[in-house]
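# An overview of the molecular structure
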Amino acid sequence: MFEARRAGVRAVLRARFRSRVLWHAFYSAEGDSAAVQRDLDRAAAALAARHGAPATEDGGRVWTLPDGRRVMLPISPARLENGRYGYGLAMQRQ
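Before going into details, it helps to say that this report is about the structure given with it. (Residues numbered from 1 in each chain as written. Predicted model: local features only at pLDDT ≥ 70, side-chain atom pairs only at ≥ 80, totals over all residues. Heavy atoms only, no water.)

As judged from the eight bridges shared by strand S3 (residues 21-31) and strand S8 (residues 85-92), these two strands associate in the antiparallel manner. Bridged to Ala25 within S8 is Met91. The pairing of strand S7 (residues 78-79) with S8 spans two bridges and is antiparallel. Bridged to Arg79 within S8 is Tyr85. With antiparallel pairing between neighbouring strands as the criterion, S7 and S8 make up a hairpin whose turn holds five residues, including Gly83 at a positive phi of roughly 90°. (Pairing = 2+ DSSP bridges. Helix = DSSP H or I, 4+ residues; strand = E, 2+ residues; numbered from the N terminus.)

This is the structure we're talking about:
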């Protein structure tokens, strides 16, 4: 697990490996609405730079990676029960 606090966002990355290969990763970001929106926009820009323009599905942006996996980011963060804002992203090897 890796945790960082930067620009008003608490970000957590958890990863699982099988036989030394990344198998599952989960990223979450939590903070005030503006800070989390900036973090979300940076993640979307990084994905777009690497994998092109996303498709829009169910209120989110979706990229299909070369190996067929799909990555979806929401367009805006969700309001959490604690009054903060956040979003999560999970990836798992197929």
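Our next topic: the pairing of strand S6 (residues 70-74). Covered by surrounding structure in S6 are Val71 and Leu73 only, the residues Arg70, Met72 and Pro74 on the alternate face being uncovered. Joining the antiparallel neighbours strand S5 (residues 60-64) and S6 is a turn of five residues, in which Gly68 adopts a positive phi near 95°. (Buried < 20%, exposed > 50% of the residue type's maximum accessible area, 1.4 Å probe, protein only.)

Below, the discussion takes up the pattern of salt bridges. Counted under the stated rule, the structure contains six salt bridges. A salt bridge links Glu3 to Arg5, with the nearest nitrogen and oxygen atoms 3.4 Å apart. Residue classification places Arg5 among the exposed positions, given a relative accessible area of 64%. With its nearest N and O atoms 2.9 Å apart, the salt bridge here joins Glu57 to Arg70. Of the two residues, Glu57 is situated in strand S4 (residues 55-57) and Arg70 in strand S6; the sequence distance between them amounts to 13 residues. Look at Glu57 and you get partly exposed, because its relative accessible area is 28%. Several salt bridges share partner residues, and in doing so they unite Glu3, Arg5 and Arg10 into one network. (Salt bridge = Lys/Arg side-chain N within 4 Å of Asp/Glu carboxyl O.)

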